[in-house]
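Structural features, examined
Chain residues, written in single-letter form:
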Amino acid sequence: MRAARGAEVPIAMAVAATLVAQQVASKATRDALFLVAFDPRRLPIVMAGGAALSLVAVVAMGSALRRLGPGRAVPLALALHAVLFLAEWLATPASRDAVAVALYLHVAALGPVV
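Residues numbered from 1 in each chain as written. Predicted model: local features only at pLDDT ≥ 70, side-chain atom pairs only at ≥ 80, totals over all residues. Heavy atoms only, no water.

A closer look at helix α2 (residues 43-68)
Condition: Helix numbers and strand numbers start at the N terminus; a helix is a DSSP run of H or I with at least 4 residues, a strand a run of E with at least 2. In this scheme, a helix's expected span is set at 1.5 Å multiplied by one less than its residue total. For each residue, the accessible area found with a 1.4 Å probe, counting protein chains only, is set against the maximum for its type, and the residue is called buried under 20%, exposed over 50%, and partly exposed in between. By the convention used here, residues are in contact when the closest approach between their heavy atoms is within 4.5 Å.
The end-to-end C-alpha separation of α2 is 36 Å, in line with the 38 Å expected for 26 residues at 1.5 Å each. Val46, Gly50, Ser54, Ala57, Met61 and Ala64 are the residues of α2 that are buried. Summarising the contacts, the buried residues of α2 are in contact with α1 (8-37), α3 (70-91) and α4 (96-110). Of the residues one or two after α2, Gly69 is the one with positive phi, at around 85°.

Some details on the side chain of His106
The test is simple: Throughout this description, a polar contact denotes any pair of N or O atoms lying within 3.5 Å of each other; where both atoms belong to protein, one of them has to be capable of donating a hydrogen while the other can accept it, and for residues adjacent in sequence the pair is counted only when both atoms sit in side chains.
Checked against the element boundaries, His106 lands in helix α4. Reaching out from His106, the side chain makes a polar contact with the side chain of Glu88 at a distance of 3.0 Å. Ignoring sequence-local partners within four residues, the contact set of His106 consists of His81, Leu84, Phe85, Glu88 and Gly111.

Points about the pattern of salt bridges
The cut-off we apply is this: Note on definitions: salt bridges are taken to be side-chain nitrogens of Lys or Arg within 4 Å of carboxyl oxygens of Asp or Glu.
All told, the structure shown has 3 salt bridges when counted by the stated rule. The salt bridge involving Asp39 is made with Arg41; its shortest N-O contact spans 2.8 Å. Overall, the relative accessible area of 33% leaves Asp39 in the partly exposed class. One salt bridge connects Arg96 with Asp97, and the closest N-O pair in it is separated by 3.6 Å. Of the residues examined, Arg96 reaches a relative accessible area of 38% and is grouped as partly exposed.

Here we look at the environment of Ala14
Turning to its location among the elements, Ala14 is positioned in helix α1. In this structure the C-alpha to C-alpha distance between Ala14 and Val74, which are 60 residues apart in sequence, comes to 17 Å.

Written out as structure tokens, the structure reads:
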């Protein structure tokens, strides 16, 4: 393992901070949209679905990391994450309730993986 040189460490720290900020913001948005759209008593149902999807995502990411390596698998996972956010954002005016569920499941499944 080679030692980090020059700007690599600050850049890595900035990227990590950005990913953590994105995760916090997406969880807050996910929870707000879901609780505005649905009765809070439905939260355990979507949480269980998110946990199940998270298990699937972890297995899929593990497989992708083995096959592609982190240099290709991580950018692909981040791209998928971004595309899903864009699709949900575009669909929100037409179907807020469906997007609330989709965003909840998306963030629960892919958030921890990326």
